[in-house]
Every structure is written in C-alpha cells, then in structure tokens.
Amino acid sequence: MTRISVTLQTESASKLLMNIKKYTGLGLSDIKTRINSNNPLMEADFVNSEDMEKMKELVEELVNNNANFQLFEQDDDYKEELPLEHFMNSFEMSKQIAQNRERMDGILVEEDEE
C-alpha cells in the first residue's frame, strides 16, 4: 500500500499551526513535536480520495505560506521524496481512479438488477 506523507521543515511554523491543525486534526503540541522531530504531519493512503483531498489542501496551504516542506512516497520496501508536481499529478490520478471505481460499481449494480 503506497502512502504519501508531508513533513514540515520550517522554523516559522507558528503562524501555520492552526491551519495545520484544521487539516490534520492533531493537537498543537503534537504538531510542534512532529515539526521539531522532522516526523510527518500527515499521511494519506494513495487510493483514499478523501485523505488525498485533505493532504492536497494542506500542501496548498503550505505553498501559499511559503513553508519549507517535503513530500514522501513510501511503501513497505521503499521511501523516496516526491516532487510537488508529481504529488499534484498523483492526486488527480487518485481522484480519477476513485471516480472510475464508482462508475464500475454503478455498472455492476445495474447488471445485478437486470
């Protein structure tokens, strides 16, 4: 299972704390601890469109505030930095996969009803 994570590496994160809390649901002390220890603020399953949407909103907030952050793509066997452009493309692809799944479910339901 591929997961995407975002790690914040900026010293001036205090102005972002409430926004980070809004997207992650973490407590302020937990956010500060994660920033100071360079741990992920948020992780999302690549195929979970709701999680990816929240992460995209967080990333956009970080970009708009000129925050220094890193995105990582990881699986059981590897972990590598993910360029911002690749993340945005991955988000769109994840959204399309979810839409295709919904369409396929609809088709299967229609076939079962016939």
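Calculation rules
- Residues numbered from 1 in each chain as written.
- Predicted model: local features only at pLDDT ≥ 70, side-chain atom pairs only at ≥ 80, totals over all residues.
- Heavy atoms only, no water.
- Buried < 20%, exposed > 50% of the residue type's maximum accessible area, 1.4 Å probe, protein only.
- Helix = DSSP H or I, 4+ residues; strand = E, 2+ residues; numbered from the N terminus.
- Arc of directions from axis to C-beta.
- Contact = heavy atoms within 4.5 Å.
- Axes fitted to C-alpha atoms, helices over the stretch in contact; angles between N-to-C directions.
- Parallel < 35°, antiparallel > 145°, perpendicular 65-115°, else oblique.
- Nonpolar A, V, L, I, M, F, W, Y, C, P; charged D, E, K, R; others polar.
- Phe/Tyr/Trp six-rings, centres within 6.5 Å; stacked < 30°, edge-to-face > 60°.
- Lys NZ or Arg CZ within 6 Å of the ring centre and 35° of its normal.
- Pairing = 2+ DSSP bridges.
- Polar contact = N/O pair within 3.5 Å; in protein donor to acceptor, adjacent residues only side chain to side chain.

Student: How should I be thinking about helix α1 (residues 17–24) in this particular structure?
Tutor: In an α-helix, one turn spans 3.6 residues; hence positions three or four apart end up facing the same way. Here α1 has its buried residues at L17, I20, Y23 and T24. Across the axial projection of α1, the buried residues extend over an arc of 130 degrees, all falling on one side. Of the exposed residues in α1, the ones pointing more than 90 degrees away from its buried face are M18 and K22. Its buried side turned inward, α1 meets β1 (3–8), α2 (28–36), β2 (42–45) and α3 (49–64).

Student: For this particular structure, what's the right way to read the packing of α1 against α3?
Tutor: When two helices pack together, their arrangement is captured by the angle between the axes and the distance separating the axes. Axis separation between α1 and α3 bottoms out at 9 Å; the angle between their running directions is 170 degrees. Here α1 is positioned roughly antiparallel relative to α3, judged by the angle of their axes. Two secondary-structure elements touch here, α1 through N19, I20, Y23 and T24 and α3 through K54, E57, L58 and E61. Looking at the contact of α1 with α3 residue by residue, the class counts come to 3 nonpolar, 2 polar and 3 charged.

Student: I'm lost on the packing of aromatic side chains in this one. Help?
Tutor: The relative placement of two aromatic rings is captured by the distance of their centres and the angle of their planes. Considering all chains together, one arrives at 0 aromatic pairs under this definition. The ring of F72 is capped by K79, whose NZ or CZ atom sits 4.7 Å from the centre of that ring.

Student: Is there a simple way to think about the sheet that holds strand β4 (residues 79–81) in this case?
Tutor: Spatial strand order, β2-β1-β3-β4: 4 strands in an open sheet with antiparallel pairing. In the strand order of this sheet, the two ends are held by β2 and β4, each with one partner. Each neighbouring strand pair of the sheet contributes to a mean axis angle of 25 degrees, computed without reference to strand direction. In this structure, strand β3 (residues 69–74) lies alongside β4, joined through 3 bridges in antiparallel fashion. Directly across from Q74, in β4, lies its bridge partner K79.

Student: Would you mind showing me how to read unusual backbone geometry here?
Tutor: A negative phi angle is the norm for most residues apart from glycine, just as the trans form is the norm for most peptide bonds. Even without a glycine there, the phi angle at N38 is positive, about 60 degrees. The topology assignment puts N38 in the loop between α2 and β2. Judged by relative accessible area, N38 falls into the partly exposed class, the value being 42%.

Student: Just to check I follow, could you spell out the pairing of β3 for this structure?
Tutor: Along a regular strand, successive side chains alternate from one face of the sheet to the other. In terms of burial, β3 is largely enclosed, as 5 of its 6 residues are buried. Here β3 folds back onto β4, and the loop between the two strands holds 4 residues.

Student: Help me understand the side chain of T24, please; the structure alone is not making it clear to me.
Tutor: Along the chain, T24 falls in helix α1. One polar contact links the side chain of T24 to the main-chain carbonyl oxygen of I20, over a distance of 2.8 Å. The contact partners of T24, leaving out residues within four places of it in the chain, are I31, L41, M42 and L58.

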